[in-house]
Amino acid sequence: MTTSKELFARAIQSIPGGVNSPVRAFKSVNSDLLFIRKASGSRIYDCDGAGYIDLVMSWGPLILGHAHPVIVNAVCKAAESGTSFGAPTEKEIELAEMICSMVPGIEKVRLVNSGTEATMSAVRLARGVTGRDKIIKFEGCYHGHGDSFLVKAGSGALTFGEPTSPGVTKGTAQDTLVAAYNDLQSVQALFDRHPDEIACVIVEPVAGNMGVIVPDDGFLPGLRRITEDNGALLVFDEVISGFRISPGGAQEYYSVTPDLTTLGKIIGGGLPVGAYGGKASIMDCLAPDGPVYQAGTLSGNPLAVAAGIAMLDTLKKENPYASLEIKSQKLADGLRNIARNAGVDVCINAVASMMCMFFTKGPVRSYENAVKADTGRFARYHKKMLDQGIYCAPSQFEASFISTAHSGSDLDAILSAARKAMNYF
Ligand SMILES: *Cc1c(COP(=O)(O)O)cnc(C)c1O
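Residues numbered from 1 in each chain as written. Predicted model: local features only at pLDDT ≥ 70, side-chain atom pairs only at ≥ 80, totals over all residues. Heavy atoms only, no water.

Asker: Explain the overall build of the protein to me, and be specific about the residues and the numbers.
Answerer: From N to C terminus, the protein includes 14 helices and 16 strands. For 425 residues, the compact-globule estimate of 2.2 N^0.38 gives 22 Å, and the C-alpha radius of gyration of the protein, at 21 Å, lies within 12% of that figure. Along the longest, intermediate and shortest principal axes, the C-alpha atoms of the protein span 55 × 55 × 45 Å. Residues classed as buried in the protein amount to 54% of the 425 residues present. Considering only contacts in the protein between residues 6 or more positions apart, those separated by 24 or more positions represent 71%. Entry remark: accessible area of the protein is about 18,200 Å², with carbon and sulfur atoms responsible for 51%. Treating the 39 positive side-chain charges of the protein as one cloud and the 43 negative ones as another, the clouds have centres 7 Å apart. (Helix = DSSP H or I, 4+ residues; strand = E, 2+ residues; numbered from the N terminus. Rg over C-alpha atoms; globule rule 2.2 N^0.38 Å. Buried < 20%, exposed > 50% of the residue type's maximum accessible area, 1.4 Å probe, protein only. Contact = heavy atoms within 4.5 Å. Areas by Shrake-Rupley, 256 points an atom, 1.4 Å probe, with all protein chains shown as cover. Lys, Arg positive; Asp, Glu negative; His and termini not counted. Charge placed at Lys NZ, Arg CZ, Asp CG, Glu CD.)

Asker: Kindly report on the packing of helix α13 (residues 375–387) against helix α14 (residues 408–423), identifying the contributing residues and their values.
Answerer: Packing of α13 against α14 leaves a shortest axis separation of 9 Å and a crossing angle of 130 degrees. The angle between α13 and α14 places the two elements in the oblique class. Here α13 runs over α14; the crossing is right-handed. Residues Y381, K384 and M385 of α13 lie in contact with α14, whose contacting residues are I414, A417, A418, A421 and M422. Its residues placed into classes, the contact of α13 with α14 shows seven nonpolar, no polar and one charged. (Axes fitted to C-alpha atoms, helices over the stretch in contact; angles between N-to-C directions. Parallel < 35°, antiparallel > 145°, perpendicular 65-115°, else oblique. Left-handed = near helix turned anticlockwise from the far one by under 90°. Nonpolar A, V, L, I, M, F, W, Y, C, P; charged D, E, K, R; others polar.)

Asker: So what's going on with the environment of A304? Residues and values would help.
Answerer: Secondary-structure assignment places A304 in helix α10 (residues 302–318). Overall, A304 belongs to the buried group, its relative accessible area being 5%. Along the chain, A304 and P272 lie 32 residues apart, while their C-alpha atoms are 6.5 Å from each other. When near neighbours in sequence (up to four residues on either side) are disregarded, A304 contacts G268, L271, P272 and V273.

Asker: Quick one: what's the story with the sheet that holds strand β16 (residues 400–401), residue by residue and with numbers?
Answerer: The three strands are arranged β13-β14-β16 in an open sheet whose pairing can be described as antiparallel. A single partner strand is all that each edge strand has here, and the edge strands are β13 (347–351) and β16. As paired strands, strand β14 (residues 354–358) and β16 are joined by two bridges and run antiparallel to one another. Bridge pairing in β16 links M355 to S400. (Pairing = 2+ DSSP bridges.)

Asker: So what about the side chain of K134? Which residues, and what values?
Answerer: Note that K134 resides in strand β5 (residues 134–138). A residue is classified by how much of its surface remains accessible, and K134, at 9% relative accessible area, is buried. In terms of polar contacts, K134 uses its side chain to reach the side chain of D175, at 3.2 Å. Leaving out residues up to four positions away in the same chain, K134 has contacts with F160, Q174, D175, L177, H194, E197, I198, A199 and C200. (Polar contact = N/O pair within 3.5 Å; in protein donor to acceptor, adjacent residues only side chain to side chain.)

Asker: Go over the pairing of β13, please, and point to the residues and values.
Answerer: Each regular strand carries side chains that alternate between the two faces of the sheet. Of all five residues making up β13, four are buried, and the element is well covered by its neighbours. Turn length for the β13-β14 hairpin, with the two strands adjacent in sequence and antiparallel, is two residues, and the turn residue A352 shows positive phi of about 50 degrees.

Asker: I'd like a description of α14, backed by residues and values.
Answerer: Two residues of an α-helix separated by three or four positions point the same way, owing to the 3.6 residues in each turn. Here α14 contains 16 residues, and its C-alpha end-to-end distance of 23 Å stays within 8% of the 22 Å for a straight helix at 1.5 Å per residue. The set of residues buried in α14 consists of D410, L411, I414, L415, A417, A418, A421 and M422. An end-on view of α14 places all buried positions within 165 degrees of arc, on one side of the element. Across α14 from its buried face, at more than 90 degrees, point the exposed residues S409 and N423. On its buried face, α14 sits against β2 (43–46), β3 (51–54), α11 (321–342), β14, α13 and β15 (390–391). (Expected span 1.5 Å × (residues − 1). Arc of directions from axis to C-beta.)

Asker: Can you explain the sheet that holds β15? Please cite residues and give values.
Answerer: Reading across the sheet, the four strands line up as β1-β2-β3-β15 and stay open at both edges, with mixed pairing between neighbours. Looking at which strands have only one partner, the edges of the open sheet turn out to be β1 (36–40) and β15. Across two bridges, the pairing between β3 and β15 is parallel. The partner of D54 across the bridge, within β15, is Y391.

Asker: Give me the lowdown on the packing of aromatic side chains, citing residues and values where you can.
Answerer: Tallied over the full model, the rule gives eight aromatic pairs. Each ring, one from F138 and one from Y181, has its centre 6.1 Å from the other, and the planes form 80 degrees; the classification is edge-to-face. On the criterion of sequence distance, the pair formed by F138 in strand β5 and Y181 in the loop between β8 (176–179) and α6 (184–193) is long-range, its members being 43 residues apart. Both residues of the pair, F138 and Y181, belong to the buried class. Between Y253 and Y254, the ring centres sit 5.0 Å apart and the planes meet at 70 degrees, which makes this aromatic pair edge-to-face. Under the relative-accessibility criterion, Y254 is labelled partly exposed at 23%. When the ring centre of Y45 is taken as reference, the NZ or CZ atom of K38 above it lies at 5.1 Å. (Phe/Tyr/Trp six-rings, centres within 6.5 Å; stacked < 30°, edge-to-face > 60°. Lys NZ or Arg CZ within 6 Å of the ring centre and 35° of its normal.)

By themselves, these observations are geometric and do not establish any function.
Put into structure tokens, the structure is as follows:
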């Protein structure tokens, strides 16, 4: 058997850093990354012969667990009829109708191939519709790797963003303004300074890329009001929260309807899909009917669409949200008790089936709070959990995801491993 170590040594010869997405590297936890051989239900198996209870779940898509038979069958069946046509199919309409019926803010929807494509396209559409150039994003929110989003707050009196990656031009970064999550005043201040210049505010309604941060009461309604008052669009990036927080995503859970919504992860059922949608009057500004251009050779791909339909159909039939929330609360409460008994400061933010244990006293309501977490402690915890067969995301600032495949005994195993791990602190 070729080991993960050997595969990594081989991978770095032909793939930058040995990985096709940098989050997969175990850099921030100082351990060797694992190459995966297969997965099923709540379990993932590496190339070294070990199995793990998975809390990453492909970073969010697998709310029904790995290799769910309904999804696997749908994909196999679709493949037999052809893998891509470059022409429309009836199944695309079916998936679009399902999305429109489930997500309150979506009247029309366009399918793309990733979350990144969805957010890039939504922002272009917002700019095209409003005739304005600037956007507001929040520090610590992630919207994929589009140039406009790889921006952090400028220093000092500067109100313009600065690139966080070489290759993003200053010009692009200057059109992205950065506000603080859960801080409406920081948003209002940007609108006051840039009247009639801001096309949209884009936000993860539940932040899931700086750990998990839940919106304060009033934050999302406040964004709705401020954007309306200023003629800007509100874009909810629900790539994680869509179909996870509730069947209609965070917008249904918190009863705030955005103008545009971006989706990804769960709607692909583990295949590469993204989508963006919103009011028909806005979506109709897209080509071919409108002037805002966006396209995709493989968009609405039959395999991905089949997986998406199987996923949403199963979620509708099983309605697992209440039981997922109970599991997730059980895990969060258990971890809180274990940490308290071990004398370890943690702040656990959990909503529906996503959670994060920050190694800091908390509360964690913003990026500024989140980065106070003890990443050294997290790295030790991560390693001890891995040694006991629990696969956690290799960064303090990622969410853990519970799926319908996680059983009561899986949760017990996670808690008992955490108890041992925290005894090492
Ligand atoms: C994962 C993610 C994206 C990017 O999606 P990709 O499919 O990785 O391009 C965008 N927004 C949010 C909130 C995400 O979590």
